[in-house]
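Chain residues, written in single-letter form:
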Amino acid sequence: MDRINTATRVLHFLFIVTVVFQLGSALVMRVPEPGKMVIWANVLFSWHIMFIGWTAYLLSFIYAMTRFADKEAWGRLVPWFSKKHRAAFYKSAREELPGIFTGKLALPEKRTALAGAMHGLGFLTLIALGTTGAYVMNGVRSDGSMTMDMLFMFNLHEFFGVVIYVFIACHVSMVLYHLLLGHKRVLDIFERPNIRWK
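It should be emphasised that the depicted structure is a prediction, and the values quoted were computed from it without experimental measurement.

Rules of the game
Residues numbered from 1 in each chain as written. Predicted model: local features only at pLDDT ≥ 70, side-chain atom pairs only at ≥ 80, totals over all residues. Heavy atoms only, no water. Helix = DSSP H or I, 4+ residues; strand = E, 2+ residues; numbered from the N terminus. Buried < 20%, exposed > 50% of the residue type's maximum accessible area, 1.4 Å probe, protein only. Patch = residues over 30% accessible without salt bridge, like charges linked within 9 Å, V, L, I, M, F, W, Y side chains within 5 Å. Areas by Shrake-Rupley, 256 points an atom, 1.4 Å probe, with all protein chains shown as cover. Salt bridge = Lys/Arg side-chain N within 4 Å of Asp/Glu carboxyl O. Phe/Tyr/Trp six-rings, centres within 6.5 Å; stacked < 30°, edge-to-face > 60°. Axes fitted to C-alpha atoms, helices over the stretch in contact; angles between N-to-C directions. Parallel < 35°, antiparallel > 145°, perpendicular 65-115°, else oblique. Left-handed = near helix turned anticlockwise from the far one by under 90°. Contact = heavy atoms within 4.5 Å. Nonpolar A, V, L, I, M, F, W, Y, C, P; charged D, E, K, R; others polar. Core = buried A, V, L, I, M, F, W, Y, C linked by side-chain atoms within 4.5 Å. Expected span 1.5 Å × (residues − 1). Arc of directions from axis to C-beta.

Trainee: What is the right way to read the overall build of the protein chain from this model?
Mentor: Of the regular secondary structure elements, the protein chain holds seven helices and zero strands. The N-to-C order of helical and strand elements in the protein chain reads α-α-α-α-α-α-α. Reported as C-alpha extents along the three principal axes, the dimensions of the protein chain are approximately 60 × 40 × 35 Å. Counting only residues that meet the buried cut, the protein chain has 33% of its 198 residues in that class.

What follows is the structure, given as structure tokens:
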């Protein structure tokens, strides 16, 4: 059996595409204003909140369902609600964290509890980002004004946006660190998916 299954590979690729678009568009998009000419930055805003935004949100839930079907995989991603998985996470963290500073990272193929929980935090942040964005999009008034709860959720959305920037920077840095240490299997996620149509 593959270390990383086809569903995970495909969803990981789709996450990369949608999240990179969302984070990039957030830097340059502009909210359309009544009476002003529509420009490309306004169109980008529409794509951000509608097409790509909802696609990324849907992908998060599809991934959650595929992981939830396997309780061990879900427990590895979100260990906080299980005594067994919490214990595995704390043990893994005690053993592995010192290695980050000494160049002794656990091999990617070991799929440790610490690595799983870190991936899970990124995944939960994506869900939080999508939930707050969807809440604001569905409640903002036609003139662009917001109620207090909308403003609160909008601020949360921006906060989670910063968190996901930090997460991606750390995630990519760890991949590069693994590669510098000669851990080539860290790139297994990018192998061509073996999709069987029958």
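Trainee: Help me out: how do you make sense of a nonpolar patch on the surface in this one?
Mentor: Side chains of Leu27, Val28, Ile39, Trp40, Val162, Tyr165 and Val166 sit close together on the surface and give an oily, nonpolar patch of about 690 Å² of accessible area. Among the secondary structure elements, those contributing two or more residues to the nonpolar patch are α1 (6–28) and α7 (148–180). By residue number, the principal contributor to the nonpolar patch is α7, which donates three residues.

Trainee: What am I meant to see in the packing of aromatic side chains here?
Mentor: Two numbers describe a pair of aromatic rings. These are the distance of the centres and the angle of the planes. Taken as a whole, this structure holds ten aromatic pairs when the rule is applied. Between tryptophan 54 and tyrosine 57, the aromatic rings sit 5.8 Å apart at their centres with planes inclined by 55 degrees, giving tilted as the arrangement. In this pair, tryptophan 54 and tyrosine 57 are both assigned in helix α3 (residues 51–68), three residues apart and thus about one turn of the helix distant. For tryptophan 54, a relative accessible area of 33% gives the class partly exposed. Ring pairs connect the aromatic residues Phe15, Tyr63, Trp74 and Phe123, which therefore count as one cluster.

Trainee: Can you help me understand the packing of α3 against helix α6 (residues 113–139) in this one?
Mentor: In a packed pair of helices, the relevant descriptors are the angle between the two axes and the axis-to-axis distance. Remark: α3 packs on α6, axes separated minimally by 9 Å, with the N-to-C direction vectors making an angle of 135 degrees. Of the possible angle classes, the one that applies to α3 and α6 is oblique. Along this stretch, α3 crosses α6, giving a crossing that reads as left-handed. Between α3, through Trp54, Tyr57, Ser60, Tyr63 and Ala64, and α6, the contact on the second element is made entirely by Phe123, Leu126, Ile127, Gly130, Thr131, Ala134, Met137 and Asn138. For the contact of α3 with α6, the residue count by class is nine nonpolar, four polar and no charged.

Trainee: Can you walk me through the nonpolar core in this structure?
Mentor: The nonpolar side chains of soluble globular proteins are, as a tendency, buried together. Formed by 16 residues in total, the largest nonpolar core has its most connected members in Phe15, Tyr63, Phe123, Leu126 and Ile164. Contributing elements (two or more residues each) for this core: α1, α3, α6 and α7. Considering each element in turn, this core owes the most residues, five residues, to α6. With sequence-adjacent residues up to four places away left out, isoleucine 164 is seen in contact with Leu23, Gly122, Thr125, Leu126 and Leu129.

Trainee: Hey, could you run me through α3 in this one?
Mentor: Three- or four-residue spacings in an α-helix give side chains the same orientation, since the helix completes a turn every 3.6 residues. With 18 residues, α3 should cover 26 Å at 1.5 Å per step; its first-to-last C-alpha distance of 26 Å lies within 8% of that length. Buried within α3 are the following residues: Ile52, Gly53, Ala56, Tyr57, Leu59, Ser60, Tyr63, Ala64 and Arg67. The arc that holds every buried residue of α3, seen down its axis, measures 155 degrees, which confines them to one face. Opposite the buried face of α3, by more than 90 degrees, sit the exposed residues Phe51, Leu58 and Met65.

Trainee: Help me out: how do you make sense of unusual backbone geometry in this one?
Mentor: Keep in mind that most residues, glycine aside, have a negative phi and that most peptide bonds are trans. Its identity as a non-glycine residue notwithstanding, arginine 111 has a phi of 50 degrees, on the positive side. Relative to the elements of secondary structure, arginine 111 occurs in the loop between α5 (83–102) and α6. A residue is classified by how much of its surface remains accessible, and arginine 111, at 38% relative accessible area, is partly exposed.

Trainee: Looking at this model, I keep getting lost on the environment of leucine 77. Mind explaining?
Mentor: Tracing the chain through its elements places leucine 77 in helix α4 (residues 71–77). In the structure, leucine 77 is positioned 36 residues away from alanine 113 in sequence and 8.0 Å away in space, judged by C-alpha atoms. Setting aside residues no more than four positions away along its own chain, leucine 77 makes contact with Tyr63, Arg67, Gly116, Ala117, His119 and Gly120.

Read these as spatial facts, not as claims about activity.
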